[in-house]
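Structure at a glance
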Amino acid sequence: MDSFGTVRFAARRLLRDRVFTLASVLTLALGIGATTAIFSVASAVLLRPLPYPEADRLVLVGQRTADGDAGAGEPKFLFWRDKSRSFESLACYSSYGGARGNFAGGSEAEFVRGARVSQGFFATLGVFPVLGRGFTVEEDAPGAARVVVLSDGLWQRRFGADPKVIGRKVTLNDAPMTVVGVMPASFRDESAAELFLPMQARSNANYDPNATVVGRLKPGVSLNQAQAELKVIADQYRAALPKQMQPTETIGVKPYQDAFTGGGLARTLWILLGAVSFLLLIACANVAHLQLARAASREKEFAVRVALGGGLGQLARQMVVEGLLISVPAALLGTWLASLGTTLLVHAMPAGYLPNVAVVTFDWRVLALSAAAAILTGVLSGLAPLGQTRRIDVGATLKESAGRGATTRGRLRGALVVTELALSIALLAGVGLLVRSFANLLDVAPGFDATNVLTFQLTPAGERYKQNAQTAAFYDAAIERISSLPGVQSVAVTNKLPLDWQFNMPVFLSDKPEEFQSVQLRIVSPDFFRVMGIPVKSGRAFTIADNAATAPAMIVNEAFARRFLDGRLPSSRLVTVGRGLNESSREIVGVVGDIKQQGLNRPAPAMVFVPIAQASDWLMGVIRAFTQTHFVVRTASGMRSLVPQIRKQIDGIDPTLAISDIAPMGEIAARSVAPERFNMLLIGVFGAVAVLLSLIGVYGVMSHTVTQQYREIGVRVALGADSGDVVGMVLKQGARLAATGALLGGVLFVSLSSVMEGLLYEVSARDPLVFLAALSVLFVTAFAASYLPARRAARIDPIEALRGE
């Protein structure tokens, strides 16, 4: 038979076995599509180089202490830059210190997030403006003229991509500045900034310890060499300014890539990669045992072909062609599923799940590997019967209705199904752990009532609000106007919302005036606790009487009281906030309940609250530099419908201020657990597909077992066995497969459980209840897959079975 005839014959055989062909193609396509989609996401973060030229030479430089790694203040950065010789360039950037605010230019004002960057920042990353230029040395000096570089997105949105934007005047927080450059559309940085200002760093300033320092190593300089030099520089800095460094502090250096995979993201992606790899293995194992089962039923066909002079080479060619006719369409369908899956994954991911520089694209390399694995599986599983074909007794096989030489293939099919079950139980246990962890998170009390609370960001800044009296007057007017709207019950402002990143300030207790403690600081209006439903545990809440003319007051939360006050409220205890000039000590007048800040899975931090009317100009300046002001509005219902009316009221006070980040507080609370929900749902889908494939696998093995034992079952029935005995016999065989798979799955679950620990909240990675639940699903699946073949076996007619023999 020529090649075309072989292909035509193979196609006819596969079309005749439509169920087998469709199951094989869909199984492999699903494995290819899911694997490629997940690997494409992970590759964008973990494997693909950062989108900068020679990104392997970019490193992150920062303070390293016993408490972990941190950024650096301006004096330290300037000292490192002047002393180091391992770097081609060293630059720093920060999203704080006045780099964000109300931007005006081109159209109405809007709130824009920016970054302060040192001169040479763009050159260090190796990306330059496509219009205009970057910052000069003179523009980066303190007190220099104000200039700005725009992102491509801001340029497109606010100026319609006008190429004449260079030299145009814009304002940020009422401060005029000149546009000198526009970055390319492909440029993305870690801060997700939309505009860039000169850092204008000062050697005598240390108000921004959160600046990130990035360096480009000189060619040939290794990470270890740079680290050794920076250790010497740290010692030099300590000798020159001993009070500016902690005793255990040094300088750390690591690849810049690490700045984008922190917070457990890398661990999460590796776990997802492991889960989807299990799914691909299950898919390949499923197709392999389906091929073996089909080959066993074709022993008569093989015997006839051998009897007619067909050789092993011809049979091998036939099997390879059939394997390719299954695998190639599966690869094509898997390509479409991978493209669709990648798009769906990106759209389904919660905001902030991936770093800003990660651009997820369809990864053809991963697709090629997955497709190759699928094609190899199809071909090898098709060739597997040839070993038995060599030992076929042609005469005996032609006489038998079911081949007797399938023992080896039966064991191999059983081993493949056991492997599927073991992998499935490990996936199911992982799903169970994530479900329990997520349920535990949802049970956590956040410490506030988010029902019918609308939030939005509105930060007055600039010369008109330099004095706190001006800022407080604006807030009073805004609160009064918004409170008058129909449906509004109460209004308050705060510098940070719950379930957001923390903002720490040093405080000094009166009995330890030389020792500062780092705690969360909130500047709030009097009604804040009432609007947010935060209970006052002892003492009192703020009132309008807590103003600039009265004694400075402070409220602390229970975590602060437990940590510093032995859980009590001593009226004589005074606390000083920050290091600002003329900062007065404040009396603690109340203790409120704890509220979650960095997530429901984190303990509530120690927190202090200061009334806005009593905040100093210095303290408010720090607040504006590092945080924004958030309004919280408790309403009767219909929160979104209030937004236009709120905008109108704010415009009546100051039309240059922009409202942004409008969202119900409940939505913000939901966002805080969005990554956990996404991980749970994604691995849950993998687990469900794994169970479905295992169901198909067990059914295929048991169905074929019944076919192989057709005569034996007929004899048993003829000798008096009833239908219950026959059903029990088949179900026992299925139970043995499930038990073996459960044993191997348990070993796999225990060995891999430590990998899951970083994703779980208040649940052990080896929780026995979760494993028992996974076992239950496994045995129910095995029972369901074995029951139909068992019922078919019970209906065998012994006379027909013996006659067939």
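Report on the accompanying structure. As the structure is a prediction and not an experimental result, all values here were calculated from the model.

**A word on the overall build of the protein**
On a plain count of helices and strands, the protein comes out with 24 helices and 24 strands. Relative to its 805 residues, the protein shows a buried fraction of 54%. Accessible area of the protein: about 35000 Å², with a carbon and sulfur share of 59%.

**Some points on the packing of aromatic side chains**
Scanning the entire structure with this criterion turns up 21 aromatic pairs. With a centroid separation of 6.5 Å and 35° between ring planes, the pair formed by Y52 and Y256 is classed as tilted. Here Y52 is found in the loop between helix 2 (18-47) and strand 1 (58-65), whereas its partner Y256 is found in the loop between strand 13 (250-255) and helix 7 (265-296), with 204 residues between them in sequence. The exposure class assigned to Y256 is buried, which follows from its relative accessible area of 1%. Considering the side-chain rings of F122 and F135, the 6.2 Å spacing of their centres and the 40° angle between planes classify their relative orientation as tilted. Separated by 13 residues along the polypeptide, F122 in helix 4 (residues 121-125) and F135 in the loop between strand 7 (131-132) and strand 8 (147-150) bring together distant segments of the chain. Members of the aromatic cluster, connected to one another through ring pairs, are Y52, Y93, F121, F122, F135, F187, F196 and Y256.

**Quick notes on the environment of V689**
Topologically, V689 is positioned in helix 20 (residues 674-708). For V689, a relative accessible area of 17% corresponds to the buried category. Put simply, V689 and T27 are 662 residues apart on the chain and 9.6 Å apart in space, counted from C-alpha to C-alpha. Every residue in contact with V689, bar those within four places of it in the chain, is listed here: L30 and L279.

**With respect to the packing of helix 22 (residues 723-756) against helix 23 (residues 768-794)**
At a closest axis distance of 8 Å, the pairing of helix 22 and helix 23 adopts a crossing angle of 150°. Taken together, the axes of helix 22 and helix 23 lie roughly antiparallel to each other. Between helix 22 and helix 23 lies a crossing of right-handed hand. Tallied by class, the residues present in the contact of helix 22 with helix 23 amount to 19 nonpolar, five polar and one charged.

**Points about a nonpolar patch on the surface**
Nonpolar side chains collect at one region of the surface, where Y699, F783, Y787 and L788 lie side by side and expose about 410 Å² of accessible area between them. The element best represented in the nonpolar patch is helix 23, accounting for three residues. Positionally, L788 belongs in helix 23. Owing to a relative accessible area of 54%, L788 belongs among the exposed residues under this scheme.

**Points about the packing of helix 3 (residues 74-83) against helix 6 (residues 223-240)**
Taken N-terminus to C-terminus, the directions of helix 3 and helix 6 make an angle of 125°; their axes are 10 Å apart at the nearest point. In terms of their interaxial angle, helix 3 and helix 6 are classed as oblique. Where helix 3 crosses over helix 6, the two elements pack in a sense that is right-handed. Residues P75, K76, F79, W80 and K83 of helix 3 lie in contact with helix 6, whose contacting residues are E229, I233, Q236 and Y237.

**Looking at the environment of F79**
In this fold, F79 is placed in helix 3. The exposure class of F79 is buried, given its relative accessible area of 18%. F79 sits 154 residues away from I233 along the chain, and the two C-alpha atoms are 8.4 Å apart. The residues contacting F79, other than those within four sequence positions of it, are I233, Q236 and Y237.

**A short note on the pairing of strand 19 (residues 553-557)**
Strand 19 sits mainly inside the fold: five of its five residues count as buried. The alternating pattern of strand 19 places A553, I555 and N557 on one face and M554 and V556 on the opposite face, and all of these are buried. Here strand 19 runs beside strand 21 (residues 586-592); their pairing, made up of five bridges, is parallel. Pairing of I555 across the sheet is with G590, part of strand 21. Both strand 19 and strand 22 (residues 607-611) contribute to a ladder of two bridges, which runs antiparallel.

**A word on helix 17 (residues 617-626)**
Think of an α-helix as 3.6 residues a turn; residues three or four steps apart then line up on the same face. With seven of ten residues buried, helix 17 lies mostly within the body of the structure. Along helix 17, the positions that sit buried rather than exposed are L619, M620, V622, I623, R624, A625 and F626.

**Focus: the nonpolar core**
Counting residues in each nonpolar core, the largest one holds 102 residues, and the members touching the most others are L354, F528, F609 and F686. The greatest single-element share of this core, amounting to 14 residues, is contributed by helix 13 (residues 407-443). Ranked by size, the runner-up nonpolar core spans 52 residues in total, among them Y96, I523, F560 and F631.

**Regarding the pairing of strand 11 (residues 195-198)**
A regular strand places its side chains so that they alternate between the two faces of the sheet. Both faces of strand 11 are covered, namely the face carrying L195 and L197 and the face carrying F196 and P198. Where strand 6 (residues 114-117) and strand 11 come together, four bridges link them in parallel fashion. Note on strand 11: the bridge partner recorded for V117 is P198. By the bridge criterion, two bridges tie strand 8 to strand 11 in an arrangement that is antiparallel. Across the sheet, L150 pairs through a bridge with L195, a residue of strand 11.

**Section: the side chain of E420**
One can find E420 in helix 13. Residue class for E420 comes out buried when judged on its relative accessible area of 1%. Once you skip the residues sitting within four places of it in the chain, E420 turns out to touch I282, A285, N286, H289, L693, S694 and G697.

**Some thoughts on unusual backbone geometry**
Here E54, not a glycine, exhibits a phi torsion of approximately 45°, which is positive. As for its placement among the helices and strands, E54 is situated in the loop between helix 2 and strand 1. The phi angle at A161 is positive, at roughly 60°, despite the residue not being glycine. Position of A161 relative to the elements: it lies in the loop between helix 5 (152-159) and strand 9 (169-172).

**Some points on the side chain of E139**
Mapped onto the elements, E139 comes out in the loop between strand 7 and strand 8. Polar contacts involving the side chain of E139 include one to the main-chain amide nitrogen of T136, which spans 3.1 Å. Beyond its immediate chain neighbours, meaning those up to four positions away, E139 contacts R133, G134, A144, V147, V180, P198 and Q200.

**Some remarks on the environment of Y465**
Following the sequence through the fold, Y465 ends up in the loop between strand 14 (453-457) and helix 14 (468-483). Y465 gets classed as buried once you look at its relative accessible area, which sits at 7%. Separated by 156 residues in the primary sequence, Y465 and G621 have C-alpha atoms spaced 9.7 Å apart. Excluding residues that lie within four positions of it along the chain, Y465 makes contacts with P460, Q470, T471, F474, R624, D654 and L657. Here D654 takes part through its side chain, which lies 2.6 Å from a polar atom of the side chain of Y465.

Scoring rules and cut-offs
Residues numbered from 1 in each chain as written. Predicted model: local features only at pLDDT ≥ 70, side-chain atom pairs only at ≥ 80, totals over all residues. Heavy atoms only, no water. Helix = DSSP H or I, 4+ residues; strand = E, 2+ residues; numbered from the N terminus. Buried < 20%, exposed > 50% of the residue type's maximum accessible area, 1.4 Å probe, protein only. Areas by Shrake-Rupley, 256 points an atom, 1.4 Å probe, with all protein chains shown as cover. Phe/Tyr/Trp six-rings, centres within 6.5 Å; stacked < 30°, edge-to-face > 60°. Contact = heavy atoms within 4.5 Å. Axes fitted to C-alpha atoms, helices over the stretch in contact; angles between N-to-C directions. Parallel < 35°, antiparallel > 145°, perpendicular 65-115°, else oblique. Left-handed = near helix turned anticlockwise from the far one by under 90°. Nonpolar A, V, L, I, M, F, W, Y, C, P; charged D, E, K, R; others polar. Patch = residues over 30% accessible without salt bridge, like charges linked within 9 Å, V, L, I, M, F, W, Y side chains within 5 Å. Salt bridge = Lys/Arg side-chain N within 4 Å of Asp/Glu carboxyl O. Pairing = 2+ DSSP bridges. Core = buried A, V, L, I, M, F, W, Y, C linked by side-chain atoms within 4.5 Å. Polar contact = N/O pair within 3.5 Å; in protein donor to acceptor, adjacent residues only side chain to side chain.

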